[in-house]
Amino acid sequence: MALFSKPFNLLTGFLFGGGLALTGLLPQIVKGPARWGSLAFPANVIILSLFLVFLAGAFLMRRKSSFFAWLGSPAAAVPSIAWCLVFTLVMGLTAQVPGRGWLGNMISFWPFVLCYIWLTTVVGLVAINHITRVGRSWREVSAVLNHLGLFVVLVCATLGSADKRTLEMTLHEGETVSVAVSEDGTTYDTGLSVRLDDFTMEVYPNGMPKRFASDVVVAGKSGKGTAAVIEVNKPLKIDGWKMYQYGYDEAAGVEGEMSILQLVKDPWLPLVFGGIFMMIAGAFLMMFTGLKREDAR
Amino acid sequence: MSWDAFIWFAAVAVILWAAGAVLAWTGKKRTAAVTVYGLGIVVFLSFIVAMWVSLERPPLRTMGETRLWYSFFLAVAGMIVYSRWKYKWMLSFSAVMSLVFIVVNLLKPEIHSKTLMPALQSPWFAPHVIVYMFSYGMLGAATLMALYVLIFKKEKTTVADMATADNLVVTGLAFLTFGMLFGALWAQEAWGTYWAWDPKETWAAITWLAYLLYIHFRIARPKEWETSMWILLLAFVCLQICWWGINYLPSARATSVHVY
């Protein structure tokens, strides 16, 4: 057994990633591409809970099992990053157009998905490891923020994607509308009533668009109308919806009296933003703490 | 203050930067080098401030105006790194980088009147681009360090050489992270989605992963210096593709909204 006392290292890590990629071909061939849409609530919350229980178990097992010790170590970090890098490179070199085979729909390609799940697992375990040492130094604080932040972003962005609603609402001046249409053509009642009072488009002297703005009155649950101007980069937030200036009557141009708003509701967004802010704070701290240097000893 | 005055401010700044860089190469007069170089930065900044006052808005809206800030921040970055880690070549490097953007601004003044599409009219625009440029400067310096270690240096690589590369990468990676996340926050504000796997975003992720690979490889295999340096070169190739190479990639040209 002595020979196999430390069977998991950098090299076996690269092989593990290769095995994972091959394994991913199985569901890809049998069941087809990963269906992110099937993760809608409550499936995503159940999966997240199971995943967190698994991570806690893996953390507790780290002294008994060399596999779980490795899974939260730099020797797993390097090959998991490398494999994700390889798949993302292929994605960057291949036009991502639905219907163009496996590689043309990389985010649903099982080998890609499995490698990113592996990466997320490693990031999660490394985060727990650093949390247990957080009192020791600012470098540990930085490591917690970096890894936990990335973990939260990866988990919430993927598991939460199915709960995100993105709708288009078409408005004509003077009309009040409460329904909006999703990408697949389904009509939803948004619970809002939106009246477009005026659509303004300004152009530069050379004809390039300069500003689009929709003058609207929006009534939400409370029933009270809120007057607002929605323009590009200046969305309106109401009742959990964010309303964006999205489109206009391109044929009519400046004379147009129609505006398309995009309505987005993403219940997981605050968590993702929490993760993003942790990563920003962690990266900031990292500049002062630097790398832990083993070769300097 | 108008753009016509730019060439004079820039000329004085560049002369001071060159003088500071020469002093740095001598290796002895560090305080003098930083002082002279810093004076150049003050001269350059005074032009930006004057523009700000005369335009009655921060000069951050056009590409030319943001290039002003790249030149400024690259010089600042060079001075910080030089003061802290004392690399002789750092001031020359950052001065040349700044000069490139100054020359572009002098040769392409028509850009200043160019219109800005509504999506770009955001307070995120300048910080997003400026922190990316600062990061690219740092990672460019790290690449020079890798080439120096792998190709030009005759003597054995030292722990200090590796520490230099590590420090530059850590700073560059921190700013790369800021740039990417500011982009995500901006995209959320502009389009209601923080990440859409647009080819530019995909390549930003590739570049970020490549530098993460370097950092983690340094931790996992602290003594394998040569391999680390090769990872650094690979990462810089990814960075270049992300920055401008993407405009020539068929896969990106077809679908990206981020080609400019």
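Residues numbered from 1 in each chain as written. Chains lettered and ligands numbered in written order. Predicted model: local features only at pLDDT ≥ 70, side-chain atom pairs only at ≥ 80, totals over all residues.

On to the overall build of chain B, then. What chain B contains, in helices and strands, is 9 helices and 0 strands. Scaling as 2.2 N^0.38, a compact globule of 260 residues should have a C-alpha radius of gyration of about 18 Å, and chain B matches this with 19 Å. For chain B, buried positions account for 48% of its 260 residues. (Helix = DSSP H or I, 4+ residues; strand = E, 2+ residues; numbered from the N terminus. Rg over C-alpha atoms; globule rule 2.2 N^0.38 Å. Buried ≥ 20, exposed ≤ 12 C-beta atoms within 10 Å, placed from the backbone.)

Listed as interface residues are 48 residues of chain B and, on the opposing side, 50 residues of chain A. At 16 residues, the largest contribution of residues to the side of chain B that touches chain A is made by helix α6 (residues 159-191) of chain B. Broken down by class, the residue content of the side of chain B that touches chain A amounts to 32 nonpolar, 11 polar and 5 charged. (Contact = placed C-beta atoms within 7 Å. Nonpolar A, V, L, I, M, F, W, Y, C, P; charged D, E, K, R; others polar.)

With that settled, consider unusual backbone geometry. Note: most peptide bonds trans; most residues except glycine with negative phi. Residue and element names in this part refer to chain A. Between F41 and the following residue, P42, the backbone shows a cis peptide bond with an omega angle of 5°. Tracing the backbone shows P42 in the loop between α1 (10-31) and α2 (43-60). Phi at N233 takes a positive value of approximately 75°, unusual for a residue other than glycine. Along the polypeptide, N233 turns up in the loop between β5 (225-231) and β6 (236-238).

Residue and element names in this part refer to chain B. Along its sequence, chain B is carved into domain 1 (1-111) and domain 2 (120-260). On a C-alpha basis, the centroid separation for the pair domain 1 and domain 2 is 23 Å. Taken together, the contact pairs 13 residues of domain 1 with 12 residues of domain 2. Secondary structure elements with two or more residues in the side of domain 1 that touches domain 2: α3 (63-85) and α4 (90-107). Looking at the side of domain 1 that touches domain 2, the element that brings in the most residues is α3, giving 7 residues. Split by residue class, the side of domain 1 that touches domain 2 holds 11 nonpolar, 2 polar and no charged. (Domains from an automatic or database assignment.)

With 21 residues, helix α7 (residues 269-289) of chain A should cover 30 Å at 1.5 Å per step; its first-to-last C-alpha distance of 30 Å lies within 8% of that length. Those residues of α7 of chain A that fall on the buried side of the exposure criterion are L269, V272, G275, I276, M278, M279, G282, A283 and M286 of chain A. Residues of α7 of chain A that are buried in the fold lie against α6 (138-159) of chain A together with α6 of chain B. At the C-terminal side of α7 of chain A, G290 of chain A shows a positive phi close to 70°. (Expected span 1.5 Å × (residues − 1).)

Time to look at the packing of helix α4 (residues 74-93) of chain A against helix α5 (residues 110-131) of chain A. Residues and elements named next belong to chain A. Axis separation between α4 and α5 bottoms out at 9 Å; the angle between their running directions is 150°. Comparing the axis directions of α4 and α5 gives the class roughly antiparallel. Crossing geometry of α4 relative to α5 is assigned as left-handed. The segment α4 lies against α5, with A76, A77, S80, I81, W83, C84 and F87 engaging P111, F112, C115, Y116, W118, L119, V122 and V126. Considering only residue class, the contact of α4 with α5 consists of 14 nonpolar, 1 polar and no charged. (Axes fitted to C-alpha atoms, helices over the stretch in contact; angles between N-to-C directions. Parallel < 35°, antiparallel > 145°, perpendicular 65-115°, else oblique. Left-handed = near helix turned anticlockwise from the far one by under 90°.)

A word on the sheet that holds strand β3 (residues 187-203) of chain A. Residues and elements named next belong to chain A. Taken together, 8 strands build an open sheet; the order of strands is β5-β4-β3-β2-β1-β8-β7-β6 and the sheet is antiparallel. What marks the edges here is a single partner per strand, and that holds for β5 and β6. Sheet twist, expressed as the mean angle between neighbouring strand axes with direction ignored, is 40°. Judged from the 8 bridges that link them, strand β1 (residues 165-172) and strand β8 (residues 258-265) form a sheet pairing that is antiparallel. By the bridge assignment, H172 is partnered in β8 with M258. (Pairing = 2+ DSSP bridges.)

Okay, the domain arrangement of chain A next. Split by domain assignment, chain A resolves into domain 1 (2-163 + 269-296) and domain 2 (165-265). The gap between the C-alpha centroids of domain 1 of chain A and domain 2 of chain A is 38 Å.

All right, on to the pairing of strand β7 (residues 241-248) of chain A then. Residue and element names in this part refer to chain A. The pairing of β6 with β7 spans 3 bridges and is antiparallel. Residue pairing across strands places K237 opposite K242, the latter belonging to β7. In this antiparallel pair of consecutive strands, β6 and β7, the connection spans 2 residues, and D239 shows a positive phi of 50°. Note that β7 and β8 share 6 bridges and pair antiparallel. Looking at the pairing, M243 lines up with L263 of β8.

Residues and elements named next belong to chain A. Mapped onto the fold, R195 is located in strand β3. Assessed through the 17 C-beta atoms surrounding it within 10 Å, R195 is described here as partly exposed. Distance from R195 to G223, taken between C-alpha atoms, is 13 Å for residues 28 residues apart in sequence. Setting aside residues up to four positions removed in sequence, R195 forms contacts with E175, T176, V216 and V217.

The next subject is the nonpolar core. If you look at the biggest cluster of nonpolar residues, it comprises 160 residues, and the most contacted ones within it are I81 of chain A together with A142, V169, L209, Y211 and L213 of chain B. For this core, the element with the most residues is α6 of chain B, which contributes 18 residues. In this structure I81 of chain A touches L119 of chain A together with L209, L212, L213 and H216 of chain B, once residues within four positions along its chain are discounted. (Core = buried A, V, L, I, M, F, W, Y, C linked by C-beta atoms within 7 Å.)

Residues and elements named next belong to chain B. Closest axis-to-axis distance for the helix α7 (residues 199-220)/helix α8 (residues 225-243) pair is 8 Å, and the angle between their directions is 170°. Regarding the angle of α7 to α8, the classification is roughly antiparallel. Relative to α8, α7 is oriented so that their crossing is left-handed. Residues W203, A204, I206, T207, A210, Y211, L213, Y214, F217 and R218 of α7 pack against T227, S228, I231, L232, L234, A235, C238, L239, I241 and C242 of α8. Per-class residue counts for the contact of α7 with α8 are 16 nonpolar, 3 polar and 1 charged.

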